[in-house]
Amino acid sequence: AYLAAGHPYGLIVSVDGKGAVTLHVPHQGSRSVRLENDGEVLLDFALELDDAPRWERFFFVTCDTPFDVAPVLEAARQINIDRPVDRAEKLDLPTDLDQFVISLEKGAKP
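Residues numbered from 1 in each chain as written. Predicted model: local features only at pLDDT ≥ 70, side-chain atom pairs only at ≥ 80, totals over all residues. Heavy atoms only, no water.

A. Looking closely at the packing of aromatic side chains. One pass over the structure, following the stated rule, counts 1 aromatic pair. Ring geometry for Tyr2 against Phe60: centres 5.6 Å apart, planes inclined by 40°, an arrangement best described as tilted. Separated by 58 residues along the polypeptide, Tyr2 in the segment before strand E1 (9-16) and Phe60 in strand E4 (residues 55-63) bring together distant segments of the chain. Comparing Tyr2 with Phe60 shows no difference in burial state: the two are buried. (Phe/Tyr/Trp six-rings, centres within 6.5 Å; stacked < 30°, edge-to-face > 60°. Helix = DSSP H or I, 4+ residues; strand = E, 2+ residues; numbered from the N terminus. Buried < 20%, exposed > 50% of the residue type's maximum accessible area, 1.4 Å probe, protein only.)

Here it is as structure tokens:
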């Protein structure tokens, strides 16, 4: 789910401990999507954690105008996966793009 908080356009992207970057919203395409602003919006799919080690980070990037997906994906690819997760670290994006980050640390497999 997401909560747009008045932002009309956005996307959701994740990076895992292997450095894999996944665009979740939109599923495909080169532009951000129009966000619904009627409270919490449930997605029609779940964001599933894979077997990547150490951590997974989700970025909800929003803006007042439509924006290209490519610079966000490129910024996500620049994350240094060899460092421990920094929960406060954000993507290096233009200042007109807002970000909300969720960082999950994964424990070792039993």
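B. View of the environment of Asp96. On the secondary structure map, Asp96 appears in the loop between helix H1 (70-77) and strand E5 (98-105). In this structure Asp96 comes out as partly exposed when scored by relative accessible area, which is 46%. Each C-alpha atom of the pair Asp96 and Asp64 lies 8.0 Å from the other, and the pair is 32 residues apart in sequence. Setting aside residues no more than four positions away along its own chain, Asp96 makes contact with Thr62 and Cys63. (Contact = heavy atoms within 4.5 Å.)

C. Spotlight on the side chain of Ser103. Along the chain, the position of Ser103 falls in strand E5. Among the polar contacts made by the side chain of Ser103, one reaches the side chain of Arg57 at a distance of 3.1 Å. (Polar contact = N/O pair within 3.5 Å; in protein donor to acceptor, adjacent residues only side chain to side chain.)

D. Structural context of the nonpolar core. Counting residues in hydrophobic clusters, the biggest one holds 20 residues, and the most contacted among them are Leu11, Phe59, Val61, Phe67, Val72 and Leu91. Elements that contribute at least two residues to this core include exactly E1, E4 and H1. The next biggest cluster of nonpolar side chains, apart from the first, holds 7 residues, and it includes Ala4, Ile12, Leu35 and Val41. (Core = buried A, V, L, I, M, F, W, Y, C linked by side-chain atoms within 4.5 Å.)

E. Local environment of H1. Of all the positions in H1, only Val72, Leu73, Ala75 and Ala76 are classed as buried. Seen along its axis, H1 keeps its buried residues to an arc of 160°; they face one direction. As for H1, its buried residues are in contact with E1, strand E2 (21-25) and E4. (Arc of directions from axis to C-beta.)

F. Molecular detail of a nonpolar patch on the surface. Judged by side-chain polarity, Leu49, Phe100, Ile102 and Leu104 come together as a nonpolar surface patch covering roughly 350 Å² of accessible area. Structurally, Leu49 can be placed in the loop between strand E3 (33-34) and E4. Taking relative accessible area as the criterion, Leu49 reaches 42% and is therefore assigned partly exposed. (Patch = residues over 30% accessible without salt bridge, like charges linked within 9 Å, V, L, I, M, F, W, Y side chains within 5 Å. Areas by Shrake-Rupley, 256 points an atom, 1.4 Å probe, with all protein chains shown as cover. Salt bridge = Lys/Arg side-chain N within 4 Å of Asp/Glu carboxyl O.)

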